[in-house]
Amino acid sequence: MNVLVIPSNRADCLETFCQRWQSAKDWDELIVVWDGPASEAPRVPEAACVLSWDSIERDLGDDAWIVSRKNAGIRIAGYLEAARRGADVIATIDDDCYPAGDAFMQAHLDALLRMPRWVTSALNMTARGVPYRNRGCLQSVHVNAGLWQTVGDYDAPHSLVLAADLRPFHPVAYPRIIARGQYVPISTMNVAFRREALPLMYLPLMGQGQPYDRFDDIWGGVILKKVCDHLGWHVSVGLPVVDHHRASNPFRNLVKEAAGIERNETFWKDVDAVTLRAGTPADCMNELAAVLVNYGDPHTQALGKAIPRWVKHATSI
């Protein structure tokens, strides 16, 4: 079963989202994670369930603090619910992303389950030597990140300085594997992963009550790529493409991002420096957490404490 998870705190965006995807949805179930109390959550008939702060506290109990509030990272609560419902593949996009012509979930499945072992060396032609039929199948892709058109996934400075929201963006989109040892922004605005990768999909605390915001998926992506490289798992990027119409304010985003810009220059190096020896996703995450919890800044220490609690819930389903 394939499940889509979307976070939202905007009822109008949710309504538009459901309307735009009505004839294009190719997932089995939709889970909405409402970033607010249950009393304010809208009714979403198209959703299998609508989670809220209340349900997160009920489901996670004393560990509810590991899920962000007033930040899109709250979507991780939907990952757990999707796993409880038996999802084999879990995808997530934002509530301001719409169909871009291709079969959304099918493209994610193709990347995760049917990525060819042979690729051409020239992107605009099939180079000599590529097998006609027997191109093999890469079994080790566990996370796939798609792209976005119309409005790219810019940070606030680029969005403002380049007036990025004012001109349509059309990505050069093709499936590719990110090499071992390389990092790449894993934007949860369009990503999917196999159920086995759930322990790796934790997003660090951001937003309400936190010193940083809007780096949840970027820093979470650094962690998952570090562990995937160690395990011999692959991360792919490229397809599918979604149509992104920014609903957030770039001026407000600039304020949110400001504190984390400098830390973003060093966070990946701190994670990259950790030596992993464990052989399972859960053990690797706990091994990484045991190092992070001893770092000097409180936010990284809290991350080191949160990861084992996330792993506990991700592996108990």
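Structure report, in brief. Computed from a predicted model, the values in this text were never measured in an experiment. (Residues numbered from 1 in each chain as written. Predicted model: local features only at pLDDT ≥ 70, side-chain atom pairs only at ≥ 80, totals over all residues. Heavy atoms only, no water.)

**Quick notes on unusual backbone geometry**
Residues leucine 239 and proline 240 are joined by a peptide bond in cis, for which omega reads 5°. Note on placement: proline 240 falls in strand β9 (residues 234–244). Residue arginine 214 is not a glycine yet carries a positive backbone phi of 70°. When you line up the elements, arginine 214 lands in the loop between β8 (190–194) and α6 (216–231). Residue arginine 214 is classed as partly exposed on the basis of its relative accessible area, which comes to 26%. (Helix = DSSP H or I, 4+ residues; strand = E, 2+ residues; numbered from the N terminus. Buried < 20%, exposed > 50% of the residue type's maximum accessible area, 1.4 Å probe, protein only.)

**A word on the packing of aromatic side chains**
All told, the structure shown has eleven aromatic pairs when counted by the stated rule. An aromatic cluster of at least three residues, connected via ring pairs, comprises Phe17, Trp21, Trp27 and Phe104. (Phe/Tyr/Trp six-rings, centres within 6.5 Å; stacked < 30°, edge-to-face > 60°.)

**Some words on helix α4 (residues 104–113)**
For α4, a buried count of seven out of ten residues is recorded, marking the element as mostly surrounded by other parts of the structure. Within the span of α4, buried status applies to Phe104, Met105, Ala107, His108, Leu109, Ala111 and Leu112. Against the buried residues of α4 lie β1 (2–8), α1 (11–21), β4 (89–93), β6 (141–150), β8 and β9. (Contact = heavy atoms within 4.5 Å.)

**Structural notes on the side chain of glutamate 257**
By secondary structure assignment, the location of glutamate 257 is in helix α7 (residues 250–272). Judged by relative accessible area, glutamate 257 falls into the buried class, the value being 4%. A distance of 2.7 Å separates the side chain of glutamate 257 from the side chain of arginine 214, its partner in a polar contact. (Polar contact = N/O pair within 3.5 Å; in protein donor to acceptor, adjacent residues only side chain to side chain.)

**As for the pattern of salt bridges**
For the structure shown, the criterion picks out 15 salt bridges. Its salt-bridge partner being aspartate 243, residue arginine 20 comes within 4.0 Å of it at the nearest N-O pair. With a gap of 223 residues between them, arginine 20 in helix α1 and aspartate 243 in strand β9 connect regions that are remote in the sequence. On the basis of relative accessible area, aspartate 243 is assigned to the buried category, the value being 9%. Between aspartate 110 and arginine 114 there is a salt bridge, with the nearest N and O atoms lying 3.0 Å from each other. A residue is classified by how much of its surface remains accessible, and aspartate 110, at 34% relative accessible area, is partly exposed. Connected through shared salt-bridge partners, Glu29, Asp59, Glu81, Arg84 and Arg85 make up one network. (Salt bridge = Lys/Arg side-chain N within 4 Å of Asp/Glu carboxyl O.)

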